[in-house]
Amino acid sequence: MTKSNIDTFQASAPSPLERAGERIYVIGIGLIGGSMVLDIKSLHPEAKIYGIDTNESHLQEAIALGVVDAGATFEDLIHADFVIVSVPVDVALTVLPKVLDVIGDNTIVFEVGSTKTPICEAVANHPKRRNFIATHPIAGTEFSGPSAAIKGLFQGKTNIICEVEKTTFKLQEKALQLFSDMGMRIRYMDPKSHDKHIAYVSHLSHISAFMLGKTVINKEKDEQDIFDMAGSGFESTVRLAKSSPAMWTPIFKQNRKQVVKTLDEYISNLSKFKELLENEDYEAIYNEMQSVNKIKEILNGMKK
Ligand SMILES: NC(=O)c1ccc[n+]([C@@H]2O[C@H](COP(=O)([O-])OP(=O)(O)OC[C@H]3O[C@@H](n4cnc5c(N)ncnc54)[C@H](O)[C@@H]3O)[C@@H](O)[C@H]2O)c1
Ligand SMILES: O=C(O)C(=O)C[C@]1(C(=O)O)C=C[C@@H](O)C=C1
C-alpha cells in the first residue's frame, strides 16, 4: 500500500492512550523528543513518561522541567507501550536495532530523524520490523536539548511517514492516532523521495544560513560595525545558523548525494545572479526576483 496524499487520520477505535498508565519511553530528550512527550503528557496525564539520554545533565534537566517522570535503561524497554527514538540520525542507526531487540510484541517504536533512507535500511531485516514506524515531523526550531522542548510544537504541522505498509496495521493505527491527537497532518512518502525533497526545503536552507553567517562573521573581523547594521532581515535569514552541528553533520553525511545536487543548483543560481549584476542587466535581475515572488502564494497555500 502506498498512500501519497495528505490525510487526516480517522481512528476506528478510541485513542489507545486512554488506557490508564501507558508507558512511554523517549530515547533522546531534546527538542523533538521532549516536545513529543510534553504533548503526550498534556493529552494523557495518566501516561508514565520515562527518559533515556546519554547526556546525564539532559536527563536531570528533563526530570526537573517535568518533561519526563523518571530515567530508565534499555532493559526497561520490555515494559514499553511506545518508544520514541529522537537522537541524531547517525545514533539512530545503532540505537534502533537495539530497541527492537528488547521490546515486546505489542510495543510501537517510532523515530523522528530528518533523513529516512538509511534509517529504514538499518531496520529492514530486523525480526521486529513490523513494530517500527519511520516518521519525520516537519516542525522544529534552531534550539536543542530538553529546555528547548515546546508543548504544541506539532500542531498543524505535517508528519511524513515512510513505508507505513511495513508496520503491523494495529500498531500503525495506534501511532497515527497519537500523531492526529497532537494535531499533525500525515503525508505518506517513500524514503528516497523524502530524502530528495527534504534536501531542497530543509537541508539546503540550513547550509545557506550557515554560509551566510560565515560570510558576515568573517567580514566582522575587519569591520566591527557590520553587526550594528544587521536588522531583522539578516536575523531571520541567518536564524538557522544557530542550529546544532551535532544534529546537522550526520544529516548532511547521510543525505550527501542529494545535498550536493541541491548545492550545485543553488550555486548555479547564485553565479547567474552575480553574472547579471556584473553585466548590469537590471531588467533580467528584476525578472528573476519577480518570478520568485510566487513563493508567497506557494507558502500561503501550504499553511491552509
Ligand atoms: N531540530 C529540529 O528542528 C528537528 C525537526 C525534526 C526532526 N528532527 C530530528 O529529531 C532528532 C532529534 O533532534 P533534536 O532537535 O531533538 O536534537 P537535540 O540535540 O535537541 O536532542 C537529541 C538528544 O539525543 C541525546 N542523545 C544523543 N546520543 C544519544 C544516545 N546514544 N542515546 C540516548 N540519547 C542520546 C542528546 O543528548 C540529546 O538530548 C534528530 O534525528 C533530528 O534529525 C529535528
Ligand atoms: O524551523 C526550524 O528551525 C527548523 O529547522 C525545522 C526543520 C526545517 O528545516 O524546517 C529542521 C529540520 C527538520 O528535520 C524539520 C524541520
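Residues numbered from 1 in each chain as written. Chains lettered and ligands numbered in written order. Predicted model: local features only at pLDDT ≥ 70, side-chain atom pairs only at ≥ 80, totals over all residues. Heavy atoms only, no water.

**Student:** Requested: an account of the packing of aromatic side chains, with residues and values cited.
**Tutor:** Going through the model one piece at a time under the given rule, you end up with four aromatic pairs. Consider the rings of Phe-110 and Phe-179, whose centres lie 4.9 Å apart with planes at 85°: the pair is edge-to-face. Linking Phe-110 in strand 6 (residues 108–111) with Phe-179 in helix 5 (residues 169–181), this pair joins segments that are 69 residues apart in sequence. Here the aromatic residues Phe-82, Phe-110 and Phe-179 are joined through ring pairs into a cluster of three or more. (Phe/Tyr/Trp six-rings, centres within 6.5 Å; stacked < 30°, edge-to-face > 60°. Helix = DSSP H or I, 4+ residues; strand = E, 2+ residues; numbered from the N terminus.)

**Student:** Could you give me a rundown of the packing of helix 9 (residues 256–278) against helix 10 (residues 282–292), with the residues and numbers involved?
**Tutor:** As a packed pair, helix 9 and helix 10 sit with axes 8 Å apart at the nearest point and diverge in direction by 150°. For the element pair helix 9 and helix 10, the recorded crossing hand is left-handed. For the pair helix 9 and helix 10, the contacting residues are Lys-272, Phe-273, Leu-276 and Leu-277 in the first and Tyr-282, Ala-284, Ile-285, Glu-288 and Met-289 in the second. Taken together, the residues that form the contact of helix 9 with helix 10 break down as seven nonpolar, no polar and two charged. (Axes fitted to C-alpha atoms, helices over the stretch in contact; angles between N-to-C directions. Left-handed = near helix turned anticlockwise from the far one by under 90°. Contact = heavy atoms within 4.5 Å. Nonpolar A, V, L, I, M, F, W, Y, C, P; charged D, E, K, R; others polar.)

**Student:** Would you mind going over the site of ligand 1 in detail, with residue names and values included?
**Tutor:** The immediate surroundings of ligand 1 are formed by 28 residues, with Asp-53, His-58, Val-87, Ser-114 and Gly-145 found nearest. Here an oxygen atom of ligand 1 sits 2.9 Å away from a polar atom, N or O, in the main chain of Ile-32. The contact in question runs from an oxygen atom of ligand 1 to an N or O atom on the backbone of Val-87, over 2.7 Å. Out of a free accessible area of 830 Å², ligand 1 has 87% covered by protein chains. Class assignment for the residues of the shell around ligand 1 results in 14 nonpolar, 13 polar and one charged. (Near = heavy atom within 4 Å. Polar contact = N/O pair within 3.5 Å; in protein donor to acceptor, adjacent residues only side chain to side chain. Areas by Shrake-Rupley, 256 points an atom, 1.4 Å probe, with all protein chains shown as cover.)

**Student:** Go over the site of ligand 2 with me, naming the residues and quoting the values.
**Tutor:** In the neighbourhood of ligand 2, the contacting residues comprise Ser-114, His-136, Ala-139, Gly-140, Thr-141, Glu-142, Ser-202, His-206, Arg-239, Leu-240 and Trp-248. Within the side chain of Ser-202, a nitrogen or oxygen atom sits 2.6 Å from an oxygen atom of ligand 2. Within the side chain of Arg-239, one N or O atom sits 2.8 Å away from an oxygen atom of ligand 2. Protein chains shield 83% of the accessible area of ligand 2, which is 370 Å² for the free molecule. Across the shell around ligand 2, the residue classes break down as three nonpolar, six polar and two charged. Structurally, the shell around ligand 2 is a two-domain feature, drawing no fewer than three residues from each of domain 1 (6–189) and domain 2 (194–303). (Domains from an automatic or database assignment.)

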